[in-house]
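# Descriptive analysis of the structure
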Amino acid sequence: DGNLGPPDISALWRQLEALQGQVRRLQEAFLQYKKVELYPNGRDVGQKVFKTAGFVKSFYQAEQMCSQSGGQLPSPRSTAENHALQQLVELENSGAAFLSMTDFWTEGRFTYPDGASLVYSNWAPGEPNDDSGREDCVEIISNGKWNDVPCGAKRLVICEF
Ligand code: 291
Ligand code: CA
Ligand code: CA
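Residues numbered from 1 in each chain as written. Chains lettered and ligands numbered in written order. Predicted model: local features only at pLDDT ≥ 70, side-chain atom pairs only at ≥ 80, totals over all residues. Heavy atoms only, no water.

### Some details on the site of ligand 1
Applied cut-off: Here a residue counts as near a molecule or strand whenever at least one of its heavy atoms sits within 4 Å of it. By the criterion applied in these results, polar contacts are pairs of N or O atoms within 3.5 Å in which, for protein atoms, one can donate a hydrogen and the other can accept it, and in which residues neighboring in sequence qualify only through two side-chain atoms. Here the open area of atoms and residues is found with the Shrake-Rupley method and a 1.4 Å probe, where only the protein chains shown may cover a residue. Charged means Asp, Glu, Lys or Arg here, nonpolar means Ala, Val, Leu, Ile, Met, Phe, Trp, Tyr, Cys or Pro, and polar covers whatever is left, Gly included.
Within the structure, ligand 1 sits among Glu127, Asn129, Asp131, Glu135, Asn147, Asp148, Pro150 and Arg155. Here Asn129 contributes a side-chain N or O atom positioned 2.8 Å from an oxygen atom of ligand 1. The protein chains hide 48% of the 470 Å² of surface that ligand 1 would expose on its own. Along the lines of polarity and charge, the residues of the shell around ligand 1 split into one nonpolar, two polar and five charged.

Take a look at the structure:
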């Protein structure tokens, strides 16, 4: 068995150099495809990527579309994430996009899909107002502010990956 003799250090060095070259080429190719993928309707913020579908759906349809693609509706947890979403809303001229959060379970208490309370919010003045007692979903409008709206409203689909 060729693996049992004394270690051939120079062979190991050659293998290490070959591996380093492979990793570097992989990194370059990955960065190139990231640029391609994010142009023009994606944004990456930290570990998250947001991408707009470019069309509108109800909350339930939007939620289903994102999860079918292995993503989810956006849960902005910082100014930077909210700003990235705002840019995508501005890009599409469609007025507003759905976020993931709802107050389904307790009126006035908005939560992420896992039920946890919000760590960040950017409500427009006077919102959330549960207008006509039937607004349990959240839209982000082109100024970045949030408003609660009926879940049956049709809004731009953006997914978080
Ligand atoms: C008013 C405000 C909002 C409310 C909205 C809804 C939108 O904003 O009372 O708090 O969420 O009306 O009527 O409902 C739908 N279906 O879009 C008006 C918009 C600037
Ligand atoms: Ca509500
Ligand atoms: Ca509202």
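Having put the structure on the table, let's press on.
### Remarks on the state of the cysteines
To keep things clear, this is the line we draw: Count a disulfide wherever a pair of cysteine sulfur atoms falls within 2.5 Å. Secondary structure is summarised from DSSP: a helix means a run of H or I of at least four residues, a strand means a run of E of at least two, and numbering begins at the N terminus for each. We call a residue buried when its accessible area falls under 20% of the maximum for its residue type, exposed when it is over 50%, and partly exposed in between, using a 1.4 Å probe and counting protein chains only.
Under the definition given, this model contains two disulfides. The disulfide that involves Cys137 links it to Cys151, with 2.1 Å between the sulfurs. Across the S-S bond of Cys137 and Cys151 the torsion is about 100°, and the bridge reads as right-handed. Taken as a pair, Cys137 in strand 4 (residues 137–141) and Cys151 in the loop between strand 5 (146–149) and strand 6 (155–160) lie far apart in primary sequence, 14 residues in all. The exposure class assigned to Cys151 is buried, which follows from its relative accessible area of 7%. In the chain, the bonded cysteines, numbered by position in the sequence, are linked as 1-4, 2-3.

### Side note on the confidence of the model for the chain
Inclusion rule: Each residue carries a pLDDT score, the predictor's confidence in it, ranging from 0 to 100.
Within the chain, residue pLDDT values average 96, and 98% of them lie at 70 or more. For this predicted complex, the interface confidence comes out at an ipTM of 0.90, alongside a pTM of 0.92.

### Structural notes on the coordination of the calcium ion (ligand 2)
We apply this condition: Coordinating N, O and S atoms are those within 2.8 Å of the metal (3.2 Å for Na, K and Ca), and as water is not part of the atoms, a site may appear to have fewer donors than expected.
Donor atoms from the polypeptide that bind the calcium ion (ligand 2) are Asp103 (OD), Asp103 (OD), Glu107 (OE), Glu107 (OE), Asp130 (OD), Glu135 (O) and Asp136 (OD), placed at 2.3 to 2.7 Å. Of note, the donors binding the calcium ion (ligand 2) are all from one chain and are spaced D-x3-E-x22-D-x4-E-D. Linking Glu107 in the loop between strand 3 (96–102) and strand 4 with Asp136 in the loop between strand 3 and strand 4, this pair joins segments that are 29 residues apart in sequence.

### Digging into the packing of aromatic side chains
Heads up, the condition is: Aromatic rings from Phe, Tyr and Trp, taking only the six-membered ring of Trp, are treated as a pair when their centres fall within 6.5 Å; an angle between ring planes under 30 degrees marks them as stacked, one over 60 as edge-to-face, and anything in between as tilted. The rule for a charge over a ring is simple: NZ of Lys or CZ of Arg within 6 Å of the ring centre, and within 35 degrees of the ring normal.
Using the criterion set out here, one finds eight aromatic pairs in the structure. Seen from the ring of Tyr112, Arg77 lies directly overhead, with NZ or CZ sitting 4.0 Å from the centre.

### Quick notes on the environment of Ile141
Stated precisely, the cut-off is as follows: Residues count as neighbours in contact if any of their non-hydrogen atoms are within 4.5 Å of one another.
Counting through the fold element by element, Ile141 comes out in strand 4. Residue class for Ile141 comes out partly exposed when judged on its relative accessible area of 24%. Separated by 84 residues in sequence, Ile141 and Lys57 have C-alpha atoms that sit 15 Å apart. Beyond its immediate stretch of four places on either side in the chain, Ile141 contacts Val89, Gly95 and Ala96.

### Considerations on the coordination of the calcium ion (ligand 3)
The coordination sphere of the calcium ion (ligand 3) contains the protein donors Glu127 (OE), Asn129 (OD1), Glu135 (OE), Asn147 (OD1), Asp148 (O) and Asp148 (OD), at a distance range of 2.2 to 2.6 Å. Between consecutive donors of the calcium ion (ligand 3), the numbers of intervening residues give the motif E-x1-N-x5-E-x11-N-D. Judged by its relative accessible area of 39%, Asn129 is partly exposed.

### Points about the pairing of strand 5
What counts is decided by this rule: Paired strands are those between which DSSP finds at least two bridges.
Burial along strand 5 is two-sided: the residues Trp146 and Asp148 and Asn147 and Val149 are all buried. Both strand 4 and strand 5 contribute to a ladder of four bridges, which runs antiparallel. Bridge pairing in strand 5 places Glu139 opposite Asn147. Following strand 4, the chain reverses through four residues before pairing antiparallel with strand 5; Gly144 in that reversal takes a positive phi of roughly 90°.

### A closer look at the pattern of salt bridges
Worth spelling out the cut-off: Any Lys or Arg side-chain nitrogen located within 4 Å of an Asp or Glu carboxyl oxygen qualifies as a salt bridge.
Applying the stated criterion across every chain yields a total of six salt bridges. Notably, a salt bridge pairs Glu81 with Lys48, separated by 2.8 Å at the nearest N-O pair. Taken as a pair, Glu81 in helix 3 (residues 79–92) and Lys48 in strand 2 (residues 48–57) lie far apart in primary sequence, 33 residues in all. Residue Glu81 is classed as buried on the basis of its relative accessible area of 11%. Ionic pairing is found between Arg155 and Glu139, a salt bridge with its closest N-O pair at 2.5 Å. Note that Arg155 is positioned in strand 6 and Glu139 in strand 4, a separation of 16 residues in sequence.

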